[in-house]
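Structural features, examined
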Amino acid sequence: MSKVEDFLSKKEEEEVVEAIRVAEKSTSGEIRVHIEKTHGDQDIFERAMEVFHLLKMDNTKLDNGVLIYVAVEDRDFVIYGDKGINDVVPADFWESTKDAIVAQFKAGNFKQGLIDGILKAGGQLQTHFPWSEGNRNELPNNISKE
């Protein structure tokens, strides 16, 4: 088994997907988690932007997609928010979200780190992009892997 497959158990993946559903329930925003072995020789932030595009997260109506990109073997991750959400969150929001995830990751609690990040991002999405009549889930909630 690869390290990507070992990162989360099937049950843990289901719990992360459920956290995405809960976080998106009251917002038009979209949250995705992408896990891959390594970002290779590419800058991790640039790789996250590439994955954001590949997952069509840059096609949301209000530019309010959030990607949590994890490179397992590199022991690194990026939280990438589209322009719509970046324009409205507090200046330190992404850094504080990253810190919440890091605290759990350092303790080996990968599932909880992802859930904490998802729910924190979801809170901001709900504040700035509340669900309204006619909203639909624009992107799948599953964890993508490469």
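The shown structure was predicted, so the numbers you read here are calculated from the model rather than taken from an experiment.

What about the pattern of salt bridges?
- Within the structure shown, the criterion is met by nine salt bridges.
- As a salt-bridge pair, Lys111 and Glu15 come within 2.8 Å of each other at their nearest N and O atoms. Separated by 96 residues along the polypeptide, Lys111 in helix α6 (residues 110-128) and Glu15 in helix α2 (residues 10-24) bring together distant segments of the chain.
- A salt bridge links Glu146 to Arg47; the nearest nitrogen and oxygen atoms lie 2.9 Å apart. Placement of Glu146 in the segment after β4 (144-145) and of Arg47 in helix α3 (residues 44-54) is noted, with a sequence separation of 99 residues between them.
- A relative accessible area of 58% places Glu146 in the exposed class.
- Each of Glu36, Arg47, Glu50 and Glu146 takes part in one network of salt bridges that share partners.

A word on the environment of Ile101
- Topologically, Ile101 is positioned in helix α5 (residues 93-106).
- Note: C-alpha distance between Ile101 and Asp116 (15 residues apart in sequence) is 6.4 Å.
- For Ile101, the residues in contact, after removing those within four places along its chain, are Ile68, Phe77, Ile79, Gly113 and Gly117.

Things to note about α6
- Here α6 contains 19 residues, and its C-alpha end-to-end distance of 27 Å stays within 8% of the 27 Å for a straight helix at 1.5 Å per residue.
- Turning to α6, its buried residues number three or more, namely Lys111, Gly113, Leu114, Ile115, Gly117, Ile118, Ala121, Gly122, Gln124 and Leu125.
- Where α6 is buried, its residues meet α1 (3-7), α2, β1 (30-36), β2 (65-71), α4 (83-86) and α5.

Some points on unusual backbone geometry
- A positive phi angle, near 50 degrees, is found at Asp63, a position not held by glycine.
- Residue placement: Asp63 occurs in the loop between α3 and β2.
- Unlike most non-glycine residues, Arg75 shows phi in positive territory, near 55 degrees.
- Structurally, Arg75 is set in the loop between β2 and β3 (76-81).

Description of the confidence of the model for the protein
- Considering every residue of the protein, the mean pLDDT works out to 92; 98% of them sit at 70 or more.
- The element-level mean pLDDT for the protein is lowest in α1, coming to 86, with β2 highest at 97.

Definitions and cut-offs
- Residues numbered from 1 in each chain as written.
- Predicted model: local features only at pLDDT ≥ 70, side-chain atom pairs only at ≥ 80, totals over all residues.
- Heavy atoms only, no water.
- Salt bridge = Lys/Arg side-chain N within 4 Å of Asp/Glu carboxyl O.
- Helix = DSSP H or I, 4+ residues; strand = E, 2+ residues; numbered from the N terminus.
- Buried < 20%, exposed > 50% of the residue type's maximum accessible area, 1.4 Å probe, protein only.
- Contact = heavy atoms within 4.5 Å.
- Expected span 1.5 Å × (residues − 1).
- pLDDT = per-residue confidence, 0-100.

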